[in-house]
Structures are given as C-alpha cells and as structure tokens.
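Residues per chain are reported as follows:
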Amino acid sequence: MLTVVKVGGGLGDSALPALCTALGELGERYPLIVVPGGAGFADAVRDADRRFRLRAATSHRMAILGMEQFGWLLSDLIPGAVRCAGLAQVPAGRTTVLLPAALPLDRLPASWEVTSDSIAAWVAGRIGAGRLVLVKEVDGLFADWPPRGEPLARLTVAELAALPAGGVDEHLPAMLAGARFETWVIGGRDPARLEDLLEHGTTAGTRIAAGRLLPSGDG
C-alpha cells in the first residue's frame, strides 16, 4: 500500500533524526512518499505576515516555499532519500521526499487554514495512496485543545470537523470528505509507531475513517 507520510516541523531537533532514520529504513520495504511540514521556515512566514500584513496569496506561496526548504532538510537526514518535485511514480526501495513548490496547488484556498496537513491530503488523493499519516509532536487528536488525557482512537470526518481548533489544520475535514484513503495522526517521537502501522495496519494514535463530511445520521 502506498503511504503518504507528512512529517511535522514541530518535532524538534531531538526527535527528528531518529524518525528520519526510520523513514529511510521503512522506505526500503514499503512505498513511501514524505510530504514536509513547514517547520521554522513557515513560522518565519507567519511572523512576516503579522508584521507586514501580507496578501493571502503571498503568504501562502511563501509558506509552501518554507515546506520546500524543510523538504530539502529532510532529504538530507533520511538515508537514501530521493527528492521529487512532482507526482511521478514512487521508486521502489527508496523513500521519496516531495518538494511541493512546483505542485499545482492553486485550487486550494490561499489561507492559513490550509497548511501541510491539507496539502498532504491533496497529494494522497492525487497519487491514489491507500493511507495518509500525519506525524506530529503529539500522539494523536484530542477532544480538548491544548491536549488533555489520552488521544481519541477513531474519528469520522464529521467528528473531526467538530473538534476544537488545533492538532490539524482547519481545512483538512474538507480535504478528507470523500477520500478513498485512511488517515492517521500519530506521534513522531517514537518511530516504532509508524513501523507498527506499516507492518500491521494499526498503531497508537488517531485513525480518521474515510467518508463524507456529513452530520451523524445523514447517511
């Protein structure tokens, strides 16, 4: 099963090298394409946007370029990684890191509601992936934000849309409505969780079932 793995930039220096090592090893056994988050590069764009009140299209394009920079960083840290600037076929036996700057993303809203989460979902849909994994600094999605207690084990798309803001971007429920792939939100500080998911189809974290964005009971 082809899996899109979005690597969040909030993991920090201590967790990222181990995760990248695992991604390199897992890419030898499973077809993987990594979508970079924005990391500190996108944070710099947010700061510039606050300071200068940039046009939405400008800050959106700058944030995508921030993802591109983090993608170059990831491709350096993931052993044997292959960089890809388009949605070509994923090579077997190598982890592919997608550089998103050249992707045709114009149909996505130019807004901070759209981040690398929604872009990764867009990629998963376009390439026919069977699974999308959003790797975060937290262990899944929570009923409250900031997180308290244990992460939710399973959500529908409608339930995801009803969660308080935080954890994933606000546009993601719309991107998952009608999706044919399953989506997971897992923590990246323990790379064994990603390995468990790829090997066994389940792991600790939050699974978002594919489905329509409809209130419960609407069929």
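One can find the structure itself at the top, above this paragraph.
The sections below set out a description of the structure shown in this document. (Residues numbered from 1 in each chain as written. Predicted model: local features only at pLDDT ≥ 70, side-chain atom pairs only at ≥ 80, totals over all residues. Heavy atoms only, no water.)

**Some words on the pattern of salt bridges**
Pairs can form between side chains of opposite charge once their charged atoms are near each other.
Stage number 1. All chains considered together, the criterion is met by ten salt bridges.
Stage number 2. Of the charged contacts in the structure, one is a salt bridge between Glu-195 and Arg-29, with a shortest N-O distance of 3.4 Å. Here the residue Glu-195 occupies a position in helix H7 (residues 192-200), and Arg-29 occupies one in the loop between helix H1 (16-26) and strand E2 (32-36), the gap between them amounting to 166 residues.
Stage number 3. Asp-117 is paired through a salt bridge with Lys-136; the nearest N and O atoms lie 2.8 Å apart. (Salt bridge = Lys/Arg side-chain N within 4 Å of Asp/Glu carboxyl O. Helix = DSSP H or I, 4+ residues; strand = E, 2+ residues; numbered from the N terminus.)

**Some remarks on the nonpolar core**
Stage number 1. Val-4, Leu-132, Leu-160, Leu-172 and Leu-176 are the most contacted members of the largest nonpolar core, which totals 33 residues.
Stage number 2. Mapped by element, the contributors of at least two residues to this core are E2, helix H3 (56-77), helix H4 (116-127), strand E5 (131-136), helix H5 (157-162) and helix H6 (172-176).
Stage number 3. Top element by residues in this core is H4. It accounts for six residues.
Stage number 4. The contacts of Leu-132, once residues within four sequence positions are left out, are Val-4, Ala-120, Ala-121, Ala-124, Leu-176, Phe-181, Glu-182, Thr-183 and Trp-184.
Stage number 5. Of all hydrophobic cores here, the second largest spans 24 residues; its members include Leu-16, Leu-32, Phe-70 and Val-97. (Core = buried A, V, L, I, M, F, W, Y, C linked by side-chain atoms within 4.5 Å. Buried < 20%, exposed > 50% of the residue type's maximum accessible area, 1.4 Å probe, protein only. Contact = heavy atoms within 4.5 Å.)

**Let's talk about the sheet that holds strand E3 (residues 82-84)**
Stage number 1. Sheet architecture is open: eight strands sit in the order E3-E4-E2-E1-E5-E7-E8-E6, paired in mixed fashion. The outermost strands of the open sheet, each flanked by one partner alone, are E3 and strand E6 (154-155).
Stage number 2. Pairing of strand E1 (residues 3-7) with E2, which is carried by five bridges, proceeds in the parallel orientation. Within the sheet, the bridge partner assigned to Lys-6 lies in E2 and is Val-35.
Stage number 3. In this fold H1 packs onto E1, E2 and E5, with an angle of close to 165° to the strand it touches most, E1.
Stage number 4. Contacting E1, E2, strand E4 (96-98) and E5, H4 runs over the sheet at an angle of about 165° to E1. (Pairing = 2+ DSSP bridges. Axes fitted to C-alpha atoms, helices over the stretch in contact; angles between N-to-C directions.)

**What to know about the side chain of Asp-117**
Stage number 1. Tracing the backbone shows Asp-117 in helix H4.
Stage number 2. A polar side-chain atom of Asp-117 sits 2.8 Å from a polar atom in the side chain of Lys-136. (Polar contact = N/O pair within 3.5 Å; in protein donor to acceptor, adjacent residues only side chain to side chain.)

**Remarks on H3**
Stage number 1. A rise of 1.5 Å per residue sets the reference length of H3, with its 22 residues, at 32 Å; its end C-alpha atoms lie 32 Å apart and thus fit the reference within 8%.
Stage number 2. Within H3, the full set of buried residues consists of Ser-59, His-60, Ala-63, Ile-64, Gly-66, Met-67, Glu-68, Phe-70, Gly-71, Leu-74 and Ser-75. (Expected span 1.5 Å × (residues − 1).)

**Brief notes about unusual backbone geometry**
Stage number 1. A cis amide bond links Trp-145 to the next residue, Pro-146, at an omega of 5°.
Stage number 2. If you trace the backbone, Pro-146 turns up in the loop between E5 and E6.
Stage number 3. One non-glycine residue with positive phi stands out, namely Ala-39, at about 55°.
Stage number 4. The class of Ala-39 is buried, set by a relative accessible area of 15%.

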